[in-house]
Amino acid sequence: MKYGITLIPGDGIGTEVSEAAVRVVEACGLDIQWDRVEAGAGALERHGTTLPESVLDSIRLRKVALKGPLTTPVGEGFVSVNVTLRKRLELYVSLRPVNTLPGVETPYKDVDLIVFRENTEGLYSGLEHEPVDGVVETLRMSTRGASERLARFAFNWCRYEGRRRVTLVHKATDFKIADGLFLDVAHRVATDYPYIETSDILMTHVCMELAKDPSRFDVLVMENLFGDILSDLCAGLVGGLGLVPGANLGDRYAVFEAVHGSAPDIAGKGVANPIALIRSAALMLKHIGERGAATRVERSVRLLLERGDVLTPDLGGHATTSEVTDAIIREL
Ligand code: NAI
Ligand code: MG
């Protein structure tokens, strides 16, 4: 089988970790043609926009992309490319599997969580204005449609992956109408899946429970901002941003990327941990039906972590990005 996959290398540590992920995927011996396209600040210089239409067209044609992180400048004038990409391609689900890894020391054992985050609305609608000097209004969008498609996606996914417990995360005590709508719709969808146990919990409460014992949760489903916060928090439970993979999924397209950003503090030093993006590439391999290759990549990462002799500084080691990549490829 021949595959065409869009590659957005990203910026900051993006270029370093995406090169690592491409090398690992290629070492699996698959016939992949990468369409390398540029988004973000580099694209702005060369194409006059941070998200050229050609990037979207490439993904529309190939359906699948692997993406490195992109820097979003703070302040006015820049809409996040990541947010725009998710909206334009209707990648309405963000999926983040968070699990305990061998050899990585954390205060927790047996964490095996899936975070589902709504990816297209909420507080990330870009609807902000300053009606009076010093007073800013930010609009949070919540629609029945977005809640419903998120919930249905999550429950279907649980069915095929054999997951049994869904916890809906909300703050309907304060966002009575918006989160009330989300809860109402999601519980209604849950009635179509009677063999999956569904409950709900306050966003604030779940933070405390996760800090105490994350192993008691299985699948967490929530709106955009809560999901952004919780997915970074959950990454911390299992060893940090350098380890946790992710996927942005819709009905037609899929973009695989790590949870972490472009890490300007370590960019260009060659010490970024490539594991999060390599594991995102493994999710991508599973998505295109290459389950064998996906399992091999994931197993190689686990073997490397278990041995613990070739690790990047975020995991307490002294190895470089390319040394870690070489070691994973040797395990393959
Ligand atoms: P960040 O994830 O880039 O960095 C947070 C901390 O984690 C830093 O200390 C960084 O060095 C460390 N870190 C992150 N990934 C690492 C890795 N692979 N190996 C070792 N250490 C790692 O988050 P931050 O600083 O909030 O954001 C930086 C930029 O990235 C911003 O412009 C932000 O908008 C963008 N960003 C982009 C994302 C995307 O493209 N999907 C996601 C998150 C942030
Ligand atoms: Mg984030």
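Residues numbered from 1 in each chain as written. Chains lettered and ligands numbered in written order. Predicted model: local features only at pLDDT ≥ 70, side-chain atom pairs only at ≥ 80, totals over all residues. Heavy atoms only, no water.

## A look at the site of ligand 1
Rules: It suffices for a single heavy atom of a residue to lie within 4 Å of a molecule or strand for the residue to be listed as near it. What qualifies as a polar contact is a pair of N or O atoms within 3.5 Å, subject to a donor-acceptor requirement within protein and to the restriction that residues adjacent in sequence count only when both atoms come from side chains. Here the term charged refers only to Asp, Glu, Lys and Arg, the term nonpolar to Ala, Val, Leu, Ile, Met, Phe, Trp, Tyr, Cys and Pro, and the term polar to all other amino acids, Gly among them.
The local shell around ligand 1 holds 22 residues, among which Leu70, Thr72, Gly261, Ala263 and Asp265 are the closest. One of the side-chain nitrogen or oxygen atoms of histidine 260 is found 3.4 Å away from a nitrogen atom of ligand 1. Glycine 261 is positioned such that a nitrogen or oxygen atom in its backbone is 2.7 Å from an oxygen atom of ligand 1. Partitioning the shell around ligand 1 into residue classes produces nine nonpolar, eight polar and five charged.

## Focus: a nonpolar patch on the surface
Definition in use: Exposure above 30% relative accessible area and no salt bridge define the residues that can form patches, which grow by joining like charges within 9 Å and nonpolar side chains of Val, Leu, Ile, Met, Phe, Trp and Tyr within 5 Å. Values of accessible area rely on a 1.4 Å probe in the Shrake-Rupley scheme; residue burial ignores everything except the protein chains shown. Put simply, a salt bridge is a Lys or Arg side-chain nitrogen that is within 4 Å of an Asp or Glu carboxyl oxygen. Under the DSSP-based scheme used, a helix requires at least four consecutive residues in state H or I and a strand at least two consecutive residues in state E, with every element numbered from the N terminus.
On the surface, a nonpolar cluster with roughly 250 Å² of combined accessible area is contributed by Leu127, Leu139 and Met141. Looking at where leucine 139 falls in the secondary structure, it is placed in the loop between β7 (135–138) and α5 (144–161).

## Describing helix α11 (residues 321–331)
Note the cut-off: Exposure classes here rest on a 1.4 Å probe applied to the protein chains alone. A residue is buried below 20% of its type maximum, exposed above 50%, and partly exposed in between. The directions considered for the arc are those from the helix axis to the C-beta atoms. Throughout, a contact is declared for two residues whenever any of their heavy atoms are within 4.5 Å.
Inspection of α11 places Thr321, Val324, Thr325, Ala327 and Ile328 among the buried residues, and these make up the whole buried set. Looking down the long axis of α11, one finds its buried residues gathered within 160 degrees of arc, a one-sided arrangement. Each element contacted by the buried residues of α11 is listed here: α1 (14–27), α9 (275–287) and α10 (291–307).

## Regarding the layout of surface pockets
Gaps left between atoms are located by rolling a probe of water-molecule size over the structure's atoms. Note the threshold: Here a cavity denotes grid points, spaced 1 Å and computed from the protein atoms alone, that fit a 1.4 Å probe unable to get out, and a pocket denotes an open set having protein on both sides within 12 Å along at least 5 of 7 lines; residues with an atom within 4 Å of a point are the lining. Grid points are joined across faces, edges and corners, and a volume is the space filled by probe spheres set on the points. Note: domain ranges come from an automatic or database domain assignment.
Estimated volume of the second largest pocket: approximately 740 Å³. Leu95, Trp157, Glu161, Leu283 and Lys286 are, among the 27 residues lining the second largest pocket, the residues nearest its centre. Summarising the domain contributions, the lining of the second largest pocket has at least three residues from each of domain 1 (1–97 + 239–332) and domain 2 (107–237).

## Re the sheet that holds strand β3 (residues 64–67)
Which entries qualify depends on this criterion: Criterion used throughout: strands pair if DSSP finds at least two bridges between them. Note on definitions: angles span 0 to 180 degrees between N-to-C directions of axes, and those axes are lines fitted to C-alpha atoms, for helices only across the stretch in contact.
Ordered by their spatial adjacency, ten strands build an open sheet running β2-β1-β3-β12-β11-β4-β5-β10-β8-β9, and the pairing between neighbours is mixed. At either end of the open sheet lies a strand with only one pairing partner, and these are β2 (31–36) and β9 (197–202). The mean angle between the axes of side-by-side strands here comes to 25 degrees, regardless of whether they run parallel or antiparallel. Pairing of strand β1 (residues 2–8) with β3 involves three bridges; the strand directions are parallel. Looking at the pairing, leucine 7 lines up with leucine 66 of β3. The strands that α1 touches are β1, β2 and β3; relative to β2, the one it contacts most, it runs at about 160 degrees. Packing against the sheet, helix α4 (residues 81–88) makes contact with β1, β3, β5 (112–118), β11 (247–249) and β12 (254–256), and its axis sits at approximately 170 degrees to β3.

## Some thoughts on the nonpolar core
Put simply, the test is: Residue types Ala, Val, Leu, Ile, Met, Phe, Trp, Tyr and Cys, when buried and joined through side-chain atoms within 4.5 Å, form a set referred to as a nonpolar core.
Among the nonpolar cores identified, the biggest contains 74 residues, and Trp34, Leu66, Phe116, Val221, Leu285 and Leu305 are the most heavily contacted of them. With eight residues, the top contributor of residues to this core is α9. Structurally, this core is a two-domain feature, drawing no fewer than three residues from each of domain 1 (1–97 + 239–332) and domain 2 (107–237). Aside from chain neighbours lying at most four places away, what touches leucine 66 is Ile5, Thr6, Leu7, Ile8, Ala21, Trp34, Phe256, Leu277, Ala281 and Met284.

## Overview of the state of the cysteines
Rule in force here: Cysteine sulfur atoms that come within 2.5 Å of each other are treated as a disulfide pair.
Enumeration over the complete set of coordinates arrives at zero disulfides. Take cysteine 158: it sits in no disulfide, and the sulfur closest to it among the cysteines is that of cysteine 234, at 15 Å.

## A short note on the side chain of threonine 167
Positionally, threonine 167 belongs in strand β8 (residues 165–170). Using a relative accessible area of 7% as the deciding quantity, one classes threonine 167 as buried.

## Observations concerning the domain arrangement of the protein
What counts is decided by this rule: Computed with a 1.4 Å rolling probe, the buried area is the accessible surface lost when two parts are put together, summed over both parts.
Looking at the assigned domains, one finds that the protein contains domain 1 (1–97 + 239–332) and domain 2 (107–237). For domain 1 and domain 2, the distance between their C-alpha centres works out to 24 Å. Taken together, the contact pairs 21 residues of domain 1 with 22 residues of domain 2. Of the roughly 1,800 Å² buried between domain 1 and domain 2, counting both surfaces, carbon and sulfur atoms make up 54%. Counting across the interface, domain 1 meets domain 2 through two salt bridges. Taking the shortest distance from any N to any O, the salt bridge between arginine 149 and glutamate 90 comes out at 2.8 Å. Counting across the interface, domain 1 meets domain 2 through twelve residue pairs in polar contact (both at pLDDT 80 or more). Only α4, β4 (93–99) and β11 provide two or more residues apiece to the side of domain 1 that touches domain 2. Considering every element that reaches the side of domain 1 that touches domain 2, the biggest residue donor is β4, with five residues. Here the side of domain 1 that touches domain 2 is composed, by residue class, of ten nonpolar, five polar and six charged.

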